[in-house]
Amino acid sequence: MKKLVALMLAFCMTASLGLSCARQGLSSDKETTAAAETEPETLSPEEARKAIPDNLPDKNYDGYTFTVLARDRQDFIDDIGAGIEETGVVIDDAIYKRNSTVEERFNISIDAQHVPDPISMLRQSVLAKDDAYDLMLSHVIECGSAALEGNYLDWYNDLPYVNLDQPWYIGNALDALSVKNRAYIMAGEYCLSILRFTYCMYFNKEIASDHNVGNLYSIVMDGGWTIDRLNEIVKGVYQDIDGDGQMTDKDLYGFTSDYWSAAITYQYAFDNPVMTKNSEGIPELAFNTPKLAQIVDKLYTFFYENPGSYVGDWGVSGPFWHEGRVLFLNGLFTNASTYRDLEFDFGIIPYPKWDEVQARYYTMSDGAHDVMAVPITTDDPERTSIIVEALNAESYKQVIPAYYETALKVKYTRDEESVQVLDMVLEGRSFDFGYVYDGWQGLAFMVQNLTSRKSKDYASEYQRLEKGAIVRYDKVIDALLGLEE
């Protein structure tokens, strides 16, 4: 409890719950200043968060209908919550209050059009010069590819009341999604799926105790949670439950995961992005580090040569976890909502670091998450920027605390140490220009694809993909830079 109180006080001093450490993991000057001016030592974390001003002007838009274009899957419909009423469900009510706050403040109504393919729908609208939509939320990679067509406004220069230094723009997205201070898609807290789809690790406390693995929370908080430590623990956890003398999916294991998105997350957990910025603000290929070959080799060893690991296709982990037959599980935050009725206690920890020298824990959000794009046909960029800024700010102030504090930290998790570690996980969310603008061409997905093929032939795979990737990224960067003209 003392640790928790100390941590919460630290959050108050930064006016943050740890969700939105400023760019590159450092607190923004504006956030710190806002916290200092409101005497944060007297505020709860939620109050400190709400005290950050959005600096938006008073405007009356005379009942204007602000229309959001988005995907038609139920979870994305729920995230936007257009037209919903209060129900007593914490998250739903927070979304209702966010929408109501913005609607009443600016005298607007929020509508949403949910369709199977928002990007195609927006493309048709732009071609028709139709101002049908004010904002689009859709799949990050698909939005990235479509940005090259010139259908979106620039978040830096075209939206005057958007302040990308505010904490409601997530993690390193400002840096990772831009080229020379131009960005045509953006990750903000209005995209609740970024939080829901964040990768973490779950562990079964009973199995951990049975195998004397030690206090995993202490290991994490002391900086010692590394891939080598994980690999070593998992080696000692296997039991032939059905007694058939074979290692099958009916036995108990130390680790289970799919070999798709859960695997690609390791390259970000190990701080090896595809692209980084040069001094001019232009992304450059930086993937082929000496560490990359080691990452591929170590993941192969961990996934396929460790006797305590069981790795397979989508859905492989579910039976192991729900039946209490695995110690560690790669998963998303949103999975916690289905774990409330488990008969065993579980905890949440980050993906491991590469080594103890690595400064912090990193993770990513699954590539299915939303980002935001503003159509170039909007007839009033000032109005759009004000409402978009308000929606992101109120999501940060109302929806994220409700989901994160009430749902994840209270309803779904089962101990206070998990609460602290959740903050560490979210502080390490990472975006990568090379992943977003890969266009499904392959280099950004190389580690995942090698792992799914049970291959560690990194050298030939990289050589096969590198030339096409360079051409692809050069084309993307040239296209994005050319949009200014």
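Undergrad: Can you help me understand the overall build of the chain in this one?
TA: A tally of helices and strands in the chain yields 20 helices and 12 strands. On C-alpha atoms alone, the chain measures out to a radius of gyration of 23 Å, which is about the 23 Å that the 2.2 N^0.38 rule sets for 485 residues. With the C-alpha coordinates aligned to their principal axes, the bounding extent of the chain is approximately 70 × 55 × 40 Å. Taken over 485 residues, the chain has a buried fraction of 58%. Relative to all contacts within the chain whose residues are 6 or more apart in sequence, the contacts with residues 24 or more apart total 79%. Here the chain displays about 19100 Å² of accessible surface, and carbon together with sulfur accounts for 48% of that area. If the 41 positive side-chain charges of the chain are averaged to one point and the 77 negative ones to another, these points end up 3 Å apart.

Undergrad: It is not clear to me how the confidence of the model for the chain should be interpreted in this structure. Could you clarify?
TA: In the predicted model, the chain carries a mean pLDDT of 90, and the fraction of residues at 70 or more is 91%. This stretch, residues 1–36, has a pLDDT under 50; its non-local contacts, to residues over four places away or in other chains, come to 80 contacts.

Undergrad: What is the right way to look at helix α6 (residues 118–127) in this model?
TA: Every α-helix winds through 3.6 residues per turn, so residues three or four apart in the chain are directed the same way. Within α6, the full set of buried residues consists of Pro118, Ile119, Leu122, Ser125 and Val126. Angularly, the buried residues of α6 cover 120 degrees about the axis, an arc narrow enough to put them on a single face. Among the exposed residues of α6, those oriented more than 90 degrees off its buried face are Gln124 and Leu127. Elements that come into contact with the buried residues of α6 comprise β1 (64–71), β2 (108–115), β3 (135–139) and α7 (140–147). Count one or two residues on from α6 and you reach Lys129, which has phi positive near 55 degrees.

Undergrad: Would you mind showing me how to read unusual backbone geometry here?
TA: Leaving glycine out, the prevailing phi sign among residues is negative, and the prevailing peptide bond configuration is trans. Positive phi is not limited to glycine here, since Lys180 has a value of about 45 degrees. Tracing the chain through its elements places Lys180 in the loop between α8 (173–176) and α9 (192–196). You can call Lys180 partly exposed: its relative accessible area is 41%. Positive phi values are uncommon outside glycine, yet Lys454 reaches one of about 55 degrees. Inspection of the secondary structure puts Lys454 in the loop between α19 (446–452) and α20 (458–482). The exposure class assigned to Lys454 is exposed, which follows from its relative accessible area of 51%.

Undergrad: Is there a simple way to explain the pattern of salt bridges in this structure?
TA: Opposite charge on two side chains permits pairing when their charged atoms draw close. According to the stated counting rule, one finds 17 salt bridges in the structure shown. The closest approach of N and O atoms between Asp345 and Arg414, which form a salt bridge, is 3.3 Å. In this pair, Asp345 sits in the loop between β10 (326–332) and β11 (346–349) while Arg414 sits in the loop between α16 (381–412) and α17 (416–427), placing the two residues 69 residues apart along the sequence. Take Asp345: its relative accessible area is 40%, and that puts it in the partly exposed class. Beyond isolated ion pairs, a larger network of salt bridges with shared partners links Arg73, Asp75, Asp79 and Arg196.

Rules behind the numbers
- Residues numbered from 1 in each chain as written.
- Predicted model: local features only at pLDDT ≥ 70, side-chain atom pairs only at ≥ 80, totals over all residues.
- Heavy atoms only, no water.
- Helix = DSSP H or I, 4+ residues; strand = E, 2+ residues; numbered from the N terminus.
- Rg over C-alpha atoms; globule rule 2.2 N^0.38 Å.
- Buried < 20%, exposed > 50% of the residue type's maximum accessible area, 1.4 Å probe, protein only.
- Contact = heavy atoms within 4.5 Å.
- Areas by Shrake-Rupley, 256 points an atom, 1.4 Å probe, with all protein chains shown as cover.
- Lys, Arg positive; Asp, Glu negative; His and termini not counted.
- Charge placed at Lys NZ, Arg CZ, Asp CG, Glu CD.
- pLDDT = per-residue confidence, 0-100.
- Arc of directions from axis to C-beta.
- Salt bridge = Lys/Arg side-chain N within 4 Å of Asp/Glu carboxyl O.

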